[in-house]
Number of protein chains: 2
Amino acid sequence: MQRSVSLTRLKIACSDCNLRELCLPVDLNAQEIQQLCDLSHAKHAYSRGDYLYRSGGKFGSLYAIYSGSFKTQVLHEDGREQVTGFQMVGEIIGLDAICTDRHTCDAVALENSEVCELPFNKLEVLSRKLPSLQRHLHKIMSREIVRDQGIMLLLGSMRAEERLAVFLLNLSQRFAARGLSPTQFQLRMSRQEIGSYLGLKLETVSRAFSNFQDSGLINVKARSVELLELSGLHALVGKQQ
Amino acid sequence: MQRSVSLTRLKIACSDCNLRELCLPVDLNAQEIQQLCDLSHAKHAYSRGDYLYRSGGKFGSLYAIYSGSFKTQVLHEDGREQVTGFQMVGEIIGLDAICTDRHTCDAVALENSEVCELPFNKLEVLSRKLPSLQRHLHKIMSREIVRDQGIMLLLGSMRAEERLAVFLLNLSQRFAARGLSPTQFQLRMSRQEIGSYLGLKLETVSRAFSNFQDSGLINVKARSVELLELSGLHALVGKQQ
DNA sequence: CACGGATTTTGACATATATCAAACCGGTTA
DNA sequence: TAACCGGTTTGATATATGTCAAAATCCGTG
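Residues numbered from 1 in each chain as written. Chains lettered and ligands numbered in written order. Predicted model: local features only at pLDDT ≥ 70, side-chain atom pairs only at ≥ 80, totals over all residues. Heavy atoms only, no water.

### So, the protein's contact with DNA strand D
Piece 1. With respect to spatial proximity, 20 residues lie near DNA strand D, and among them A160, T204 and K221 of chain A together with R191 and S210 of chain B are the closest.
Piece 2. At the protein interface, 67% of the atoms of DNA strand D within 4 Å belong to sugar or phosphate.
Piece 3. At 2.6 Å, a backbone N or O of A160 of chain A approaches a phosphate oxygen of DNA strand D.
Piece 4. Interatomic distance of 2.5 Å between a side-chain N/O atom of T204 of chain A and a phosphate oxygen of DNA strand D.
Piece 5. Those elements that provide at least two residues to the surface near DNA strand D are helix 6 (202-214) of chain A together with helix 6 (202-214) of chain B.
Piece 6. The dominant element in the surface near DNA strand D, judged by the number of residues it contributes, is helix 6 of chain B, at five residues.
Piece 7. When the residues that make up the surface near DNA strand D are grouped by side-chain class, the tally is four nonpolar, six polar and 10 charged. (Near = heavy atom within 4 Å. Polar contact = N/O pair within 3.5 Å; in protein donor to acceptor, adjacent residues only side chain to side chain. Helix = DSSP H or I, 4+ residues; strand = E, 2+ residues; numbered from the N terminus. Nonpolar A, V, L, I, M, F, W, Y, C, P; charged D, E, K, R; others polar.)

Right under this line is the structure:
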């Protein structure tokens, strides 16, 4: 069944970037996504706000995003919720449950989206059959941990504008990886969601956007963004203190 | 050789606590540590400031702390360094390298300490021989990832005093687990190191200590701490916003 | 096209933490 | 004992972000 797609070639998205992608998105090119979808025989549609899966829910499948985008979030006892990642076309989500067999976060559609259910409902089973895949997942996870160390420093020590710069550069990179424009795109998430993701209030996010605009680094109008000076954004991030 | 110690019973320290222990300390009781040391035939001594291992260094062994304590830290390109964890008697460090075969942080002695080299220089080899151990490590890692999600919310949203409260309660718990007093102990790390760990400046840490003292929650004099009202500290943490 | 609700922007102000500086220990050495 | 040194505490002030509120803008719907 699943012969024609080499899952062992899965690459984790942006492993060299400092943003957190705790739900382990995985890069696939358009062709691979198409292949997966052909295999899956199960493409599902979700409307804005629909849950792809919920925290605590039993692990069913991995999902490749065919169109649209999702956010992942954790809900805390006290009701607060935090966005832990954004997933876009061509990325795979659901890996957060590979070990515990339970999802550790909610996945919610940011817009009308389609996902392909990957043709195995138990990755663990598959991974036992494919030692190389298991080793790969192992690696992915350990890389995640390592990466998180960086993130924590960032969250602890970066200022609002630096965080937003990292965020925008990350998005840019991911759009580029899908053959989309890396300098001009539509945000699919609100200021509130960006803020939750970056550990900031929505007003702070908005102000940071405005500041970038004033500095000539970007053009921003509501959710449409144009990056004018990638180098300038990079410089912001590099600038310690 | 390593028959008498059941490594598959390793439990990750404080998996229910919100503090980050990225270098994966593992709980062992005094007896188990002794057993490990008997097996290892290799007990090493380190003075304050000595490196147990360095980031990037090839994975050699796991180490069980027989006496003393260590901190783990990451060094960043720009020279900044951040403490990522503290390890005390009875905990195992070195697991950060199990997958990549390279250490991801420095481990430095906080005081004169002794560690036992665990009797296998390649955990991966062992883990291949022991599927149950491999699965367990798998689980530990995935739990780490889950836990980190919580941490990131905390770092993003907790205030200085809450962070310090979490820190103190975590220490208390770990002392208790070793049969030491959970309410009265000596800190082995400086305000600066605590600050780095919690994402705060040393002065802020110091002030938080003083505030706790003024509120009657603790007695603190330099590095000796007495927790007077555990419930009060817990309340602080629970108190959102 | 106009309306209404949601989102975004902007402003004024409050608050928490960082920064800078000085004083204060506690232990070590001369 | 005195001088010293690292670490700690405390104070005054600066700065970044949060908070609250209002205005402006966007977007879907009738």
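### Some thoughts on the protein's contact with DNA strand C
Piece 1. Residues in contact with DNA strand C amount to 19 residues; listed here are only the nearest, R191 and S210 of chain A together with A160, K201 and T204 of chain B.
Piece 2. The contact atoms of DNA strand C, taken as those within 4 Å of the protein, divide so that sugar and phosphate hold 68%.
Piece 3. At 2.7 Å, a side-chain N or O of R191 of chain A approaches a phosphate oxygen of DNA strand C.
Piece 4. The separation between a phosphate oxygen of DNA strand C and a polar side-chain atom of R223 of chain A is 2.9 Å.
Piece 5. Among the elements of the structure, helix 6 of chain A together with helix 6 of chain B are those that each provide at least two residues to the surface near DNA strand C.

### Things to note about the confidence of the model for chain A
All names here are of chain A.
Piece 1. Across chain A, the average pLDDT comes to 73, with 63% of residues at 70 or higher.
Piece 2. Ranking the elements of chain A by mean pLDDT puts strand 1 (residues 11-12) last with 25 and helix 6 first with 98.
Piece 3. Taken as a whole, residues 1-27 scores under 50 in pLDDT and shows 101 contacts with residues more than four places along the chain or in a different chain. (pLDDT = per-residue confidence, 0-100. Contact = heavy atoms within 4.5 Å.)

### Comments concerning the packing of helix 5 (residues 191-198) of chain A against helix 6 of chain A
All names here are of chain A.
Piece 1. Remark: helix 5 packs on helix 6, axes separated minimally by 8 Å, with the N-to-C direction vectors making an angle of 100°. Between helix 5 and helix 6, the angle is such that the two are roughly perpendicular. For the pair helix 5 and helix 6, contact is made by R191, Q192, I194 and G195 and by L202, V205, S206 and F209, respectively.
Piece 2. Split into classes, the residues belonging to the contact of helix 5 with helix 6 amount to four nonpolar, three polar and one charged. (Axes fitted to C-alpha atoms, helices over the stretch in contact; angles between N-to-C directions. Parallel < 35°, antiparallel > 145°, perpendicular 65-115°, else oblique.)

### Re helix 5 of chain A
Piece 1. Burial within helix 5 of chain A is extensive, with seven of its eight residues counted as buried.
Piece 2. Where helix 5 of chain A ends, the next residue or the one after it, G199 of chain A, has phi of about 75°, a positive value. (Buried < 20%, exposed > 50% of the residue type's maximum accessible area, 1.4 Å probe, protein only.)

### Details of the packing of aromatic side chains
Piece 1. On inspection of all chains with the given rule, the structure shows 12 aromatic pairs over all chains.
Piece 2. Consider the rings of F86 of chain A and F167 of chain A, whose centres lie 5.9 Å apart with planes at 65°: the pair is edge-to-face. Of this pair, F86 of chain A sits in strand 7 (residues 81-88) while F167 of chain A sits in helix 4 (residues 160-177), and the two are 81 residues apart along the sequence. Both residues of the pair, F86 of chain A and F167 of chain A, count as buried.
Piece 3. Grouped by ring-pair contacts, the aromatic residues F86, F167 and Y197 of chain A constitute a single cluster.
Piece 4. One cation-aromatic arrangement involves K43 of chain B over Y66 of chain B; the distance from NZ or CZ to the ring centre is 3.7 Å.
Piece 5. If you follow R191 of chain B out to its NZ or CZ, it ends over the ring of F209 of chain B, 4.3 Å from the centre. (Phe/Tyr/Trp six-rings, centres within 6.5 Å; stacked < 30°, edge-to-face > 60°. Lys NZ or Arg CZ within 6 Å of the ring centre and 35° of its normal.)

### Concerning unusual backbone geometry
Trans is the prevailing form of peptide bonds, just as negative phi is the prevailing case for residues other than glycine.
Piece 1. Despite not being glycine, A222 of chain A shows a phi value in the positive range, around 50°.
Piece 2. Relative to the elements of secondary structure, A222 of chain A occurs in the loop between strand 12 (218-221) and strand 13 (224-227).

### Points about the pairing of strand 10 (residues 113-117) of chain A
Piece 1. Inspection of the sheet shows strand 3 (residues 43-46) of chain A paired to strand 10 of chain A by four bridges, in the antiparallel sense. Across the sheet, the residue bridging to K43 of chain A is C116 of chain A, located in strand 10 of chain A. (Pairing = 2+ DSSP bridges.)

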